[in-house]
Protein chains: 2
Amino acid sequence: MRQRPYNFSAGPAAMPEAVLQQAAAEMLDWHGSGMSVMEMSHRGKEFVSICEQAEADLRELLAVPPTFKILFMQGGGLAENAIVPMNLAARKPARLMDFIVTGAWSQKSAQEARKYGDATVAASGADTGFTTIPAPATWPLRDGLSYVHLCSNETIHGVEFHELPDLQALGCDAPLVIDFSSHVLSRPVDWSRVGLAFGGAQKNIGPAGVTLVVVREDLLGHALPVCPSAFDYRTVAEHASMYNTPPTYGIYMAGLTFQWLKAQREGALSGVAAMEARNLAKARLLYDCIDGSQLYVNRVDPACRSRMNIPFQLREERLNDAFLAQARAHGLLQLKGHKSVGGMRASLYNAMPLEGVQALVEFMRDFERHHA
Amino acid sequence: MRQRPYNFSAGPAAMPEAVLQQAAAEMLDWHGSGMSVMEMSHRGKEFVSICEQAEADLRELLAVPPTFKILFMQGGGLAENAIVPMNLAARKPARLMDFIVTGAWSQKSAQEARKYGDATVAASGADTGFTTIPAPATWPLRDGLSYVHLCSNETIHGVEFHELPDLQALGCDAPLVIDFSSHVLSRPVDWSRVGLAFGGAQKNIGPAGVTLVVVREDLLGHALPVCPSAFDYRTVAEHASMYNTPPTYGIYMAGLTFQWLKAQREGALSGVAAMEARNLAKARLLYDCIDGSQLYVNRVDPACRSRMNIPFQLREERLNDAFLAQARAHGLLQLKGHKSVGGMRASLYNAMPLEGVQALVEFMRDFERHHA
């Protein structure tokens, strides 16, 4: 098989080639069972073992404390924008929820939550076109909140919290909810600052259709009466993600990715720590190329630039089409930016090797030289 | 590769071997794109073409009229038990919904719908242990209903509507909602009698995690304010199932299954008509074996016996374990019945060839002879 192109899609996104090869090899017969994973009853011993292993590996990789439940659900991040408030808004009778808006995704979350309570934007980066994150010390968080929500990495605007806020230190005792869809497993999570984290799988975990929810146990059991049973976190937790038929094949693919992650090494580091080191190096390479050029520009404050999703513009927009066509010819795929931001976007998820970013940077410098 | 065993799982269930082989072959590079289908942006031209082809093939196979929308969603049949009333209950201010309960699934649907309106069981087969379906002419349907719900094939109890009721002929002008999860594509659907049909994919279509909804256009636009945007049928329809990231790989697998179905032939018949003829022959073979034996029994009224899910008991329950172990040794997998019914269950979905049922019947006769 020839060298595969480098795929910079923001999601669904590239997966490790070794994972795809294993999935192809096991497609018709998983471990001598005579079945494809997608043909197994979700209650049979084969699939239960796959699901339990995936959960255990994820717990190990992200150092999830035993006081948190790991749930595999359906609906993606967009559905969670409703499912989270349906589960948590009623923690307090006033149903107050404060949102930190740092880009398109947290904006959507705040809007959807208004269906279920008093969802208010406490702080926003809109004034700067979502190129900055307002300092946590300036957030006017209300008293008696059911929770505070933020998106810890904004896929479209390329804005990332390099550190999660410590709400307790800010005098707020509400749990922090984070949407970590687009950088989960790219770096460690400080669970002491988090009450609930959710994410779609299709960026850094596996195929679209699996939603990951990591939730502190004391937050279970507050679902609104209108919350569908299939999306009541307590019900899902009590049935170990098997209350309704889970997306079995997606969980299997996620599990293969977790095993691949556990085997990754960077010097003395392994697992997520190794990925973080590699992701830092990858992002630095691309930001240095952008910042050192006359053609490319990224306007996000370096203090909150994303390591995963790097949007950049060509100062001469008429070159956009040529850039994309030549990139494709060089085996560099899916670099077109989101329509709301324009320009380009390179997503450097875990499955993107350093070599892919090197190839992109080399292409970008050549392209600039030819169009100077 | 050796002969694969026959897999009688009720779902997730066996898939056509040719479909699995094609998926394995295309895993790392779909049609020269350099990407696995699970690595493609759902908005890219490659995946959009896959999704549009799947929808067109399904429309052709099931002869879905142009006045119906086909939606690919997430959450499974269980989530639809809430999503349907969240979308349809408010068609009329009184939010009246009548349910025909013929087994475990319609029972669950009725219970969940109570969260969203006045959901009432109009008729039930519970008196006979769900071995009969009350005659439609006896259903005391209320006036001013938002809709009538039934499960056209009960996976657990093995009860199937051989013909859908004609609500208009019964003097009811409400739309009929059918849960056709476990027999979709096994027979034609009379769309003149249906307003909305939904089903999880994991029985007769593809992997778990894709939900199919076929809905008449005039039923869109009545979602309750608490309905999550991701599950508002009108929103999903307006965005051609791309409002949130769809379960892309599952839709691709469903599409391969649709293409396989279109190529099936039985004499002069093709597609779903061919499958119906084959499914009738498969079911007859197994019911004849059961009815002709002293050991096996199926208590469902022949007028409503399922062609897809055939539960049967051994009159000597002490033989259950031996039956399952010996069946497995003969390459006949996942025959254990649902815990609420006990005994055995053979699911004979489209992907189960006649040869698989012949092998099962042969084994059952041998087993009875040895234990007479």
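Residues numbered from 1 in each chain as written. Chains lettered and ligands numbered in written order. Predicted model: local features only at pLDDT ≥ 70, side-chain atom pairs only at ≥ 80, totals over all residues. Heavy atoms only, no water.

Thoughts on the overall build of chain A
Selection rule: To qualify as a helix, a DSSP run of H or I must reach at least 4 residues; to qualify as a strand, a run of E must reach at least 2; elements of each kind are numbered from the N terminus. Values of the radius of gyration come from C-alpha atoms, whereas the globule rule sets the reference at 2.2 Å times the count of residues to the power 0.38. Burial status follows relative accessibility: with a 1.4 Å probe on protein chains alone, a residue under 20% of its type maximum counts as buried, one over 50% as exposed, and anything between as partly exposed. Residue contacts are defined here by distance: any two heavy atoms, one from each residue, within 4.5 Å place the two residues in contact. The Shrake-Rupley method, run with a 1.4 Å probe sphere, supplies the accessible areas, and residue values consider only the shown protein chains as cover.
Looking only at helices and strands, chain A has nine helices and 16 strands in total. In terms of overall size, chain A behaves like a compact globule, its C-alpha atoms giving a radius of gyration of 21 Å where 372 residues would be expected to give roughly 21 Å. Judged by the C-alpha coordinates and their principal axes, chain A covers about 60 × 60 × 35 Å. In chain A, which comprises 372 residues, the proportion classed as buried is 64%. If you take every contact in chain A between residues at least 6 apart in sequence, the share linking residues at least 24 apart comes to 68%. Summed over its atoms, the accessible surface of chain A is roughly 13,500 Å², and 49% of this surface lies on carbon and sulfur atoms.

Regarding the environment of Gly200 of chain A
All names here are of chain A. Summarising the element assignment, Gly200 is placed in strand β9 (residues 196-200). Through-space distance from the C-alpha of Gly200 to that of Arg284 is 26 Å; in sequence the pair is 84 residues apart. In contact with Gly200, other than residues within four places in its own chain, are Gly77, Ser181, Val210 and Thr211.

Considerations on the packing of helix α3 (residues 76-88) of chain A against helix α4 (residues 104-113) of chain A
All names here are of chain A. Inclusion rule: Here an angle of 0 to 180 degrees is reported between the N-to-C directions of two axes, which are lines fitted to C-alpha atoms, with helices fitted over the stretch in contact. Should an angle lie under 35 degrees it is considered roughly parallel, over 145 roughly antiparallel, and from 65 to 115 roughly perpendicular; all remaining angles are considered oblique. Note on convention: the crossing is left-handed when the near helix lies turned anticlockwise from the far helix by less than a right angle, right-handed when the turn is clockwise.
α4 packs onto α3 with a crossing angle of 45 degrees between their chain directions and a minimal axis gap of 9 Å. The orientation of α3 relative to α4 falls into the category oblique. Along this stretch, α3 crosses α4, giving a crossing that reads as right-handed. When α3 is examined against α4, the residues Leu78, Asn81, Ala82 and Pro85 are found in contact with a partner set consisting of Trp105, Lys108, Ser109, Glu112 and Ala113.

Remarks on the packing of aromatic side chains
How we decide: Stacked, edge-to-face and tilted are the three classes for Phe, Tyr and Trp ring pairs, Trp counted by its six-membered ring, which pair at centre distances within 6.5 Å; planes under 30 degrees apart are stacked, over 60 edge-to-face, the rest tilted. Whether a charge sits over a ring comes down to the Lys NZ or Arg CZ being within 6 Å of the ring centre and within 35 degrees of the ring normal.
Within this structure, the stated rule accounts for 22 aromatic pairs over all chains. Taken together, a centroid distance of 5.8 Å and an interplanar angle of 90 degrees make the contact between Tyr296 of chain B and Phe312 of chain B edge-to-face. Here Tyr296 of chain B, found in strand β13 (residues 296-297), pairs with Phe312 of chain B, found in strand β14 (residues 309-314); they are 16 residues apart in sequence, far enough to count as distant. Among the residues examined, Tyr296 of chain B registers a relative accessible area of 1% and is labelled buried. Each residue in the set Tyr296, Phe312, Phe323, Phe363 and Phe367 of chain A is aromatic and connected to the rest through ring pairs, giving one cluster. Its end group placed over the ring of Trp105 of chain A, Lys108 of chain A keeps NZ or CZ at 4.7 Å from the ring centre.

Some details on the interface of chain B and chain A
Quick reminder of the rule: By definition, the buried area sums, over both parts, the 1.4 Å-probe accessible area that each loses when the two are put together. For salt bridges, the criterion is a side-chain nitrogen of Lys or Arg within 4 Å of an Asp or Glu carboxyl oxygen. Any N or O atom pair separated by 3.5 Å or less is treated as a polar contact, with the protein-specific requirement of one donor-capable and one acceptor-capable atom, and with residues adjacent in sequence counted only for side-chain atom pairs. Classification used: nonpolar for Ala, Val, Leu, Ile, Met, Phe, Trp, Tyr, Cys and Pro, charged for Asp, Glu, Lys and Arg, polar for all others including Gly.
Counting residues at the interface gives 63 residues for chain B, matched by 63 residues for chain A. Each partner contributes to the roughly 4,800 Å² buried at the junction of chain B and chain A, and carbon and sulfur atoms together form 59% of this total. The three residues of chain B that bury the most area against chain A are Leu28, Met38 and Glu39 of chain B, which together make up 15% of that side's buried surface. For the pair chain B and chain A, the number of links is four salt bridges. Arg328 of chain B is the partner of Glu46 of chain A in a salt bridge, and the nearest nitrogen-oxygen pair spans 3.9 Å. Summed over the shared surface of chain B and chain A, the number is 26 residue pairs in polar contact (both at pLDDT 80 or more). Counting only elements with at least two residues in the side of chain B that touches chain A, the list comes to α1 (17-25), α2 (45-61), α3 (76-88) and α6 (248-262) of chain B. Here the side of chain B that touches chain A is composed, by residue class, of 33 nonpolar, 20 polar and 10 charged.

Things to note about unusual backbone geometry
Residues and elements named next belong to chain A. Put simply, Gly11 and Pro12 share a cis peptide bond, and its omega is -10 degrees. When you line up the elements, Pro12 lands in the loop between β1 (6-7) and α1 (17-25). One non-glycine residue, Gln334, adopts positive backbone phi at about 60 degrees. When you line up the elements, Gln334 lands in the loop between β15 (332-333) and β16 (344-347). Under the relative-accessibility criterion, Gln334 is labelled partly exposed at 22%.

Quick look at the UniProt feature "binding site: pyridoxal 5'-phosphate" (unreviewed entry) in chain A
Selection criterion: UniProt positions are given in the numbering used here, feature names are shortened, and annotations may be inferred rather than shown by experiment.
In the UniProt entry, the feature "binding site: pyridoxal 5'-phosphate" (unreviewed entry) is given for Trp105, Thr155, Asp179, Gln202, Asn244 and Thr245 of chain A. An extended arrangement is adopted by the annotated residues: their sequence extent is 141 residues, and the largest C-alpha distance between any two is 29.6 Å. Excluding residues within four positions of it along the chain, Gln202 of chain A makes contact with Gly11, Pro12, Ala13, Pro207 and Ala208 of chain A together with Thr245 of chain B. Tracing the backbone shows Asn244 of chain A in the loop between α5 (233-238) and α6 (248-262). Every residue in contact with Asn244 of chain A, bar those within four places of it in the chain, is listed here: Gln74 and Ala230 of chain A together with Gly75 and Leu78 of chain B. From its side chain, Asn244 of chain A meets the backbone oxygen of Gly75 of chain B in a polar contact 2.8 Å long.

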